[in-house]
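Coordinates in review
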Amino acid sequence: MSGDHSHNEDQIMGGSRINDSHKHKDKYKEHKHKDYKRDKEKSKHGNSDYKDPSDKKYKDKEKMKHKDGSTEKNKDKHKEKRKEDKIKLLNDKVKKEKENGFVSPLHVKSEPEEDFYHSPKHEKSLKRERDEDYDSEFKPKKIKTENDKKVKKRKPGDEGDIKPKKTKTQKEVTDGKKKAKKEPEEKWKWWEEERYTDGVKWKFLEHKGPVFAPPYEPLPSRVKFYYDGKPMRLSPEAEEVATFFAKMLDHEYTTKDIFRKNFFKDWRKEMTAEEKATITDLKKCNFTEMSEYFKAQSEARKAMSKEEKQKIKEENERLLQKYGYCIMDNHKERIANFRIEPPGLFRGRGDHPKMGMLKRRIRPEDIIINCSKDSKCPEPPPGTKWKEVRHDNKVTWLVSWTENIQGSIKYIMLNPSSRIKGEKDWQKYETARRLKKCVDRIRAQYREDWKSKEMRVRQRAVALYFIDKLALRAENEGQEYVVEFDFLGKDSIRYYNKVPVEKRVFKNLQLFMENKEPDDDLFDRLNTSILNKHLQELMDGLTAKVFRTYNASITLQQQLKELTTADENIPAKILSYNRANRAVAILCNHQRAPPKTFEKSMQNLQAKIDAKKDQLSDAKRELKSAKADAKVRKDEKTKKAVESKRKAVQRIEEQLMKLEVQATDREENKQIALGTSKLNYLDPRISVAWCKKWGIPVEKIYNKTQREKFAWAIDMADEDYEF
DNA sequence: AAGCGAACTTAGCATCTGCGCG
DNA sequence: CGCGCAGATGCTAAGTTCGCTT
């Protein structure tokens, strides 16, 4: 593997970064608000009833802001501002501990790796993409029929026999027209089939439509709402919205001004004229009875008998069976989210200006159905109509609607285990593998470009450097020049990192800052469109996020190689795996708040360990005495006793060690979330190969859902797979 | 060529589930 | 045989990218 830089332990397991970077509630105090400039008031889309005057105001305000910054030309700039990023350059002659030795307190807007995106399109047809993105050795086409290694080849559609794992569900599918085809009893290996090459996503698509949120059930009349101390009966519409608020009473955000203001405004819109006249001050509203009622309800639900619970479960299962699957091109596929999002109060992440707004109930009239012409089109609920039925096989969604908060479109799509998602995922990793082949060249080039006389090129090159390494790695070159990043990234997760950079990069950054106000764009000659065009020239299909995928996967592979020791037992190997995974998660800044129960659960585990230790010393003592006994008696029976004691000791030792490993793992994982990288950035074939190589059951690494998503990888990767 | 919207991926937290334990 | 917890799953917001439009 070529030019991957290796990380030193410090950086990977790194102390300060993680500690510094967990989210904290008051981050906005320091960071001001996440600036929601991107909010573009799309509400025009037929949701005018929710259009909110204050939104407009917000928008206008935004505009003004933009104006004076004179930086409003492109999207990435919006983003930069929005994030309120800062890069502080610090001259690190001052050692780490002296962090206030900033040479230059300049605050410059900058971007985290993925912020330079945004490309112009380059017409790359879907078709081409498909074909080229797969590495030839795994071209399904080839595999298509008979090939190969372990696969007991079978074409989908043949009669089955493999363990009918999914049989039950599969059976029913056949009710429709697909009957003839006889649905495969075994799992369908879509990865062995020919792919579409022309942007077509499917030929046949049939489904039952979405499941709507249950209608509102008015509160029993004994549950009162009080206004200004006096009980008040609300109209069902107003009451429903009030219950949304009541359900959140325990949450901190019901105390936030913006939240309350937005809620109150939207709530009033649902009120009758009289209600509106009466209820003019949210502070005078008392929702506690409602809140108590819901708490009681949820208690009651927990206390339900198991028959009742069973019944609910069965009902859910029925719904799943009916609505949770579709038929796409002769195969029954699982739908990811077949339930429409229920109404409620919007809670954006971070300091969202729209928090508290009413997210309205979606009705059939809001829904667009997508299915094939020759399918049985889903029926809208009696007495209603769909907004539209279309037959667009160039997209993958089955149902869509426009949401009223941001005006964006929401979709119902297939599960990650489906062919359509899996192929795309596979393709993503193939693109990253292609990057592997030319990453040295690309790196060499951007380093060269740091010296360019064209500002544009320099900026592009520095940006690319950050995209490549920054979030993902920090090289240790002398530590003489350090850049400090501090901004809010996706989901308002704080990104905080100090990165040693090469001198040239540092100097360039200083240059970029010359003659600029702290609020100006650091990369003023760069936008995502330029960058992306450039990337596209460097490698077909290259976009900024490919670097993330590549760096994540290559790091996993490297770390696995480095951390796995042949003579370790399985739990120890798994710890190594998790550590490798953790290195990636840290690189990608995948953090989590330490689980609320973390301390407690750690203590529990420690208690178990202590207990196990006691048990072990007991067992050892017994072994000893058995041995002594055997020495004297020398009969078969005592010999046997010694043997069994010995075994017991061994077993307990093993258990103890397992617990200890578990404790280590958990501790190290305190504020790291492994799931995201595992699911989205790590080529699953690396993990599968590792499992095969070391004889680790793949279940130890991937749970059921993950195995379903990565079925293709589990099936096709052998132990010498190399990313 | 920039701006926008559609489509699709990524993300962390909330809620649920089922299993091991007392 | 219920309880509590950890891990699994659900949910939906917030990203990226592409390509169309103007």
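Bear in mind that the values here come from a model prediction, so they are computed numbers and not experimental data.

Section: the overall build of chain A
Within chain A, the secondary structure is distributed over 25 helices and 16 strands. Classification of the 723 residues of chain A by burial places 50% in the buried group. Contacts in chain A between residues far apart in sequence, at least 24 positions, make up 74% of those at least 6 positions apart. Of the roughly 36,300 Å² that chain A leaves accessible, carbon and sulfur atoms contribute 51%.

Here's the deal with the state of the cysteines
Enumeration according to the criterion identifies zero disulfides in this entry. Cys-371 provides the cysteine sulfur closest to Cys-377, a residue in no disulfide bond, and the two sulfurs are 4.0 Å apart. According to the relative accessible area criterion, Cys-377 is partly exposed, its value standing at 29%.

Overview of the UniProt feature "active site" (unreviewed entry) in chain A
According to UniProt, the feature "active site" (unreviewed entry) maps to Tyr-681 in the numbering used here. Here Tyr-681 is to be found in the loop between helix 22 (675–680) and helix 23 (684–694). With sequence-adjacent residues up to four places away left out, Tyr-681 is seen in contact with Tyr-429, Arg-548, Thr-549, Ala-552, Ser-553, His-590 and Thr-676. Of note is the side chain of Tyr-681, whose polar atom sits 3.0 Å from the side chain of Arg-548.

Focus: the sheet that holds strand 7 (residues 325–328)
Ordered in space as 3-7-8, the three strands form an open sheet in which the pairing is antiparallel. Either end of the sheet is taken by a strand with one partner, and the two such strands are strand 3 (205–206) and strand 8 (331–334). By the bridge criterion, two bridges tie strand 3 to strand 7 in an arrangement that is antiparallel. What sits directly across from Leu-205, in strand 7, is Met-328. Contacts between helix 13 (residues 306–323) and the sheet are confined to strand 7 and strand 8, with strand 7 contributing the most and set at about 15 degrees to the helix.

Looking at the environment of Ser-400
As for its placement among the helices and strands, Ser-400 is situated in strand 13 (residues 399–402). Relative accessible area serves as the criterion here: at 3%, Ser-400 is assigned to the buried category. Taking the C-alpha atoms as reference points, Ser-400 and Pro-210, separated by 190 residues in sequence, lie 9.3 Å from one another. Residues contacting Ser-400, with those up to four places away along its chain left out, are Asp-366, Ile-367, Ile-368, Ile-409, Lys-410 and Tyr-411.

Thoughts on the sheet that holds strand 5 (residues 230–232)
Here three strands make up an open sheet; going across it, the order is 5-4-6 and the pairing antiparallel. Taken across any chain shown, the strands that pair with only one partner, and hence form the sheet edges, are strand 5 and strand 6 (285–286). Note that strand 4 (residues 225–227) and strand 6 share two bridges and pair antiparallel. From the neighbouring strand, Tyr-227 faces strand 6, where its bridge partner is Cys-285.

Focus: the nonpolar core
Core analysis: the largest hydrophobic core is formed by 67 residues, its most contacted members being Leu-435, Ile-442, Phe-466, Val-501, Leu-542 and Trp-712. Shared between two domains, this core holds at least three residues of each, these being domain 3 (422–527) and domain 4 (553–714). When neighbours within four sequence positions are excluded, Ile-442 is seen to be in contact with Leu-435, Leu-464, Leu-538, Leu-542 and Phe-547. Counting 29 residues, the second largest nonpolar core, distinct from the first, contains Leu-234, Met-271, Ile-279 and Phe-287.

Regarding the pairing of strand 13
Side chains of strand 13 alternate between two faces, with Val-399 and Trp-401 and Ser-400 and Thr-402 buried alike. With four bridges connecting them, strand 13 and strand 14 (residues 409–412) associate as antiparallel partners. Along strand 14, the bridge assignment pairs Trp-401 with Lys-410. The antiparallel hairpin formed by strand 13 and strand 14 contains six residues in its connecting segment, where Gly-407 sits at a positive phi of about 75 degrees.

Topic: helix 23
Within helix 23, eight of the eleven residues are buried, leaving the element largely enclosed by the surrounding structure. Pro-684, Arg-685, Ile-686, Ser-687, Val-688, Ala-689, Trp-690 and Cys-691 are the residues of helix 23 that are buried. Residues of helix 23 that are buried in the fold lie against helix 14 (419–449), helix 18 (544–563), helix 19 (570–587) and helix 25 (711–716). In the segment just after helix 23, Gly-695 is the residue with positive phi, at about 65 degrees.

Quick word on the confidence of the model for chain A
Taken over all residues, the pLDDT of chain A has a mean of 76, while the share at 70 or more is 71%. Long-range and interchain partners of residues 1–183, a stretch whose pLDDT sits below 50, account for 396 contacts in this model, where long-range means more than four residues apart. Contacts of residues 472–479 to residues separated by more than four positions or lying in other chains number 31 contacts, the stretch itself having pLDDT below 50.

Some details on the packing of helix 18 against helix 23
Where helix 18 contacts helix 23, the two axes come as close as 9 Å, and the packing angle between them is 15 degrees. On the basis of the axis angle, helix 18 is roughly parallel to helix 23. For helix 18 against helix 23, the interelement crossing comes out right-handed. Mapping the contact onto sequence places Ser-553, Leu-556, Gln-557 and Leu-560 in helix 18 and Ile-686, Ser-687 and Trp-690 in helix 23.

Focus: the packing of aromatic side chains
Applying the stated rule across the entire model yields 23 aromatic pairs. Relative to Phe-287, the ring of Phe-245 has its centre 4.9 Å away and its plane inclined at 45 degrees; by these criteria the two rings are tilted. In this pair, Phe-245 sits in helix 9 (residues 236–247) while Phe-287 sits in the loop between strand 6 and helix 12 (288–303), placing the two residues 42 residues apart along the sequence. Aromatic pair Trp-267 and Phe-287: ring centres 5.6 Å apart, planes at 45 degrees, arrangement tilted. Here Trp-267 is found in helix 10 (residues 257–270), whereas its partner Phe-287 is found in the loop between strand 6 and helix 12, with 20 residues between them in sequence. By relative accessible area, which is 0% here, Trp-267 ends up buried. It is Lys-247 that lies over the ring of Phe-294; its NZ or CZ is 4.6 Å from the centre. Residue placement shows Lys-332 over the ring face of Tyr-325; its charged tip is 4.4 Å from the ring centre.

Regarding the pattern of salt bridges
Side chains that differ in sign of charge can pair as their charged atoms come close. Per the stated rule, a full pass over the model turns up 34 salt bridges. Lys-410 is paired through a salt bridge with Glu-341; the nearest N and O atoms lie 3.2 Å apart. Placement of Lys-410 in strand 14 and of Glu-341 in the loop between strand 8 and strand 9 (344–345) is noted, with a sequence separation of 69 residues between them. The exposure class of Glu-341 is partly exposed, given its relative accessible area of 26%. The salt bridge involving Lys-436 is made with Glu-722; its shortest N-O contact spans 3.7 Å. Of this pair, Lys-436 sits in helix 14 while Glu-722 sits in the segment after helix 25, and the two are 286 residues apart along the sequence. When salt bridges that share partners are traced, they join Glu-430, Arg-433, Asp-683 and Arg-685 into one network.

A few points about the environment of Ile-420
If you trace the backbone, Ile-420 turns up in helix 14. Overall, the relative accessible area of 9% leaves Ile-420 in the buried class. In contact with Ile-420, not counting residues within four places along its chain, are Lys-201, Trp-202, Met-328, Thr-396 and Leu-414.

Definitions and limits used
Within every chain, residues take consecutive numbers counted from 1 along the sequence as written. Here every chain gets a letter starting at A, and every ligand a number starting at 1, in the order they are written. Where local features are concerned, this predicted model is filtered to residues with pLDDT of at least 70; where side-chain atom pairs are given and counted, the filter is 80 or more; whole-chain, interface and lining totals use all residues. Where side-chain values are given, they derive from all heavy atoms of the structure, hydrogens and water being excluded. Helix and strand definitions follow DSSP, with helices as H or I runs of at least four residues and strands as E runs of at least two, each counted in order from the N terminus. Throughout this description, buried means an accessible area under 20% of the type-specific maximum (1.4 Å probe, protein chains only), exposed means over 50%, and partly exposed covers the range between. Two residues form a contact once any of their heavy atoms are found within 4.5 Å. Note on areas: Shrake-Rupley with a 1.4 Å probe; residue coverage comes only from the protein chains shown. Working definition: a disulfide is two cysteine sulfur atoms within 2.5 Å of each other. UniProt positions are given in the numbering used here, feature names are shortened, and annotations may be inferred rather than shown by experiment. Throughout this description, a polar contact denotes any pair of N or O atoms lying within 3.5 Å of each other; where both atoms belong to protein, one of them has to be capable of donating a hydrogen while the other can accept it, and for residues adjacent in sequence the pair is counted only when both atoms sit in side chains. Here, a strand pair is defined by DSSP locating no fewer than two bridges between the strands. Every angle, taken between N-to-C directions, lies between 0 and 180 degrees, and every axis is a line fitted to C-alpha atoms, over only the stretch in contact when it is a helix. In these notes, a set of buried Ala, Val, Leu, Ile, Met, Phe, Trp, Tyr and Cys residues joined through side-chain atoms within 4.5 Å is what counts as a nonpolar core. An automatic or database domain assignment supplies the residue ranges for each domain. Values of pLDDT, which run from 0 to 100, indicate the predictor's confidence residue by residue. Geometric relationships in this document are graded by angle, where less than 35 degrees denotes roughly parallel, more than 145 denotes roughly antiparallel, 65 to 115 denotes roughly perpendicular, and other angles denote oblique. Crossings are sorted by hand: turned counterclockwise from the far helix by less than a right angle, the near helix makes the crossing left-handed, and turned clockwise it makes it right-handed. Aromatic pairing here means that ring centres of Phe, Tyr or Trp (its six-membered ring) are within 6.5 Å. Orientation follows from the plane angle: under 30 degrees is stacked, over 60 is edge-to-face, and everything else is tilted. Criterion for a charge above a ring: Lys NZ or Arg CZ within 6 Å of the ring centre, and within 35 degrees of the ring normal. The salt bridge definition used is simple: a Lys or Arg side-chain nitrogen within 4 Å of an Asp or Glu carboxyl oxygen.

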